[in-house]
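Survey of secondary and tertiary structure
Spelled out, the chains give:
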Amino acid sequence: MNFRFVVLLALTLLSASAVYGQDNVIDEVVWVVGDEAIWKSEVEEARMSALYEGRDLKGDPYCVIPEEIAVQKLFLHQAALDSIEVSESEVIQRVDYMTNMYIANIGSREKMEEYFNKTSTQIRETLRENAREGLTVQKMQQKLVGDIKVTPAEVRRYFQKLPQDSIPYIPTQVEVQIITQQPKVPLEEIEDVKRRLREYTDRVNKGESFTMLARMYSEDQGSAMNGGELPRFMGRAELDPAFANVAFNLQSPDRVSKIVESEFGFHIIQLIEKRGDRIKVRHILLKPHIPEEALMAANARLDSIADDIRNGLFTFEEAALRLSHDKDTRNNHGLLPNPNTNTSKFEMQELPPEIAKVVDKMKVGEISEAFTMIPANTGKEECVIVKLKSRINGHKATVADDYQNLKNIVLDKRREEVLDKWIREKQKNTYVRINDKWKSNCAFKYPGWIKD
């Protein structure tokens, strides 16, 4: 789904004690929506994040941001009533994507930590909750607008009525094909990971704390700071299938599971509590280290494949089908899918940062040299070559060339109208209290916050 959500969720990454700017008050409740408080610290963090992102708030941030958070809470409350859930794998994928994006934009992991005055683990933990809430809001909005459709006639009428200076500009879009190779992990490295996990199991069985060992050794940075504990009770479908099969077979909090391999690495798991068909667990994750020589060998293999394609021995599409390790693209001629639009077209900022940097300098039909990247969905290093299949330079939209884009614009407009109406109706039945000094000069987008 490609529409611009009514709620623009801010990433609250900055230290909550560092930047409160009004009246020298450390913290206070500034809004209450239903039974949820909005704290001054939330607003300040979101304001600083918007500043970093260069986002135009179009108004006083101390009016705009609390209202955005309040709208988010309306959606989250409805999502809870409708039992809408987000899987842990979806959360991890979003956290990995955002972390990699920040590292790419700021320059390095160390610079990111310095900028936000937090460790990578703390940043990921903050992102984890933001990601969960953001994805939940997104799913709730998708449920509310899921049945909306527009006809070709509606799209043409919308476009014909637009003044010339309002015709949308279509940013440069690219289609990218990829071939990947997973570097071979030495058997001795896998055995070493398993040996270490067996050692941790023995230590727990002899009385040591699983929680402390997870904090010290787990490579799941999001849960390690909480002693390996996953953030809430989860259903089987929310977890990696192999992980879930072992976790749901655990019967006693006193036992540690056997070693289980998932797409993220190797785990041991400890049960905390079961509630019906939901479970709360903690785990320790270790990822086998890929030696530099394995990465070099995989890159060399891909460079050789690229040379064979350039020399006409086979096509990129044939190589993707027979040689690529990427299960999501090899049966589609290596074509990278855009999950935001359900098409193969990407604006440059939508591509994974490592791919965008390479593609930006390429000509259509060109094949890159091999490079290493860490996909957001697995967090494991892999080696890649890419081919720029097509590039459509930025231009003013036309119905003939950009029908799908214009259709999405009309759909976005219809969806935003539905969400706007839903928010206004939801306001009527929701308790809201706003600190007087946080509403006196505010022209809210949704005036229903203030009831007569």
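Residues numbered from 1 in each chain as written. Predicted model: local features only at pLDDT ≥ 70, side-chain atom pairs only at ≥ 80, totals over all residues. Heavy atoms only, no water.

Now for the confidence of the model for the protein chain. Overall, the prediction assigns the protein chain a mean pLDDT of 87, with 93% of residues at 70 or greater. With pLDDT under 50 throughout, residues 1-25 is counted as low confidence; its partners more than four residues away or in other chains account for 80 contacts. (pLDDT = per-residue confidence, 0-100. Contact = heavy atoms within 4.5 Å.)

Let's shift gears to a nonpolar patch on the surface. A cluster of nonpolar residues, Met212, Met216 and Tyr217, forms a patch on the protein surface that exposes about 270 Å² of accessible area. With respect to the helices and strands, Tyr217 occurs in helix α8 (residues 210-217). Exposure remark for Tyr217: the relative accessible area of 31% places this residue in the partly exposed category. (Patch = residues over 30% accessible without salt bridge, like charges linked within 9 Å, V, L, I, M, F, W, Y side chains within 5 Å. Areas by Shrake-Rupley, 256 points an atom, 1.4 Å probe, with all protein chains shown as cover. Salt bridge = Lys/Arg side-chain N within 4 Å of Asp/Glu carboxyl O. Helix = DSSP H or I, 4+ residues; strand = E, 2+ residues; numbered from the N terminus. Buried < 20%, exposed > 50% of the residue type's maximum accessible area, 1.4 Å probe, protein only.)

Each aromatic ring pair is summarised here by two numbers: the centre-to-centre distance and the angle between the ring planes. Taken as a whole and judged by the stated rule, the model has 5 aromatic pairs. Note on Trp31 and Phe444: the rings are 5.4 Å apart at their centroids and 80 degrees apart in plane angle, and the pair reads as edge-to-face. In this pair, Trp31 is assigned in strand β1 (residues 29-33) and Phe444 in the segment after β13 (432-434), connecting sequence segments 413 residues apart. Note on Phe75 and Trp422: the rings are 4.8 Å apart at their centroids and 10 degrees apart in plane angle, and the pair reads as stacked. A residue pair is termed long-range when its members are at least 10 positions apart, and Phe75 in helix α2 (residues 61-81) and Trp422 in helix α14 (residues 399-428) qualify at 347 residues. Each member of the pair, Phe75 together with Trp422, is buried. Three or more aromatic residues joined by ring pairs make a cluster, and in this case those are Trp31, Phe444 and Trp449. (Phe/Tyr/Trp six-rings, centres within 6.5 Å; stacked < 30°, edge-to-face > 60°.)

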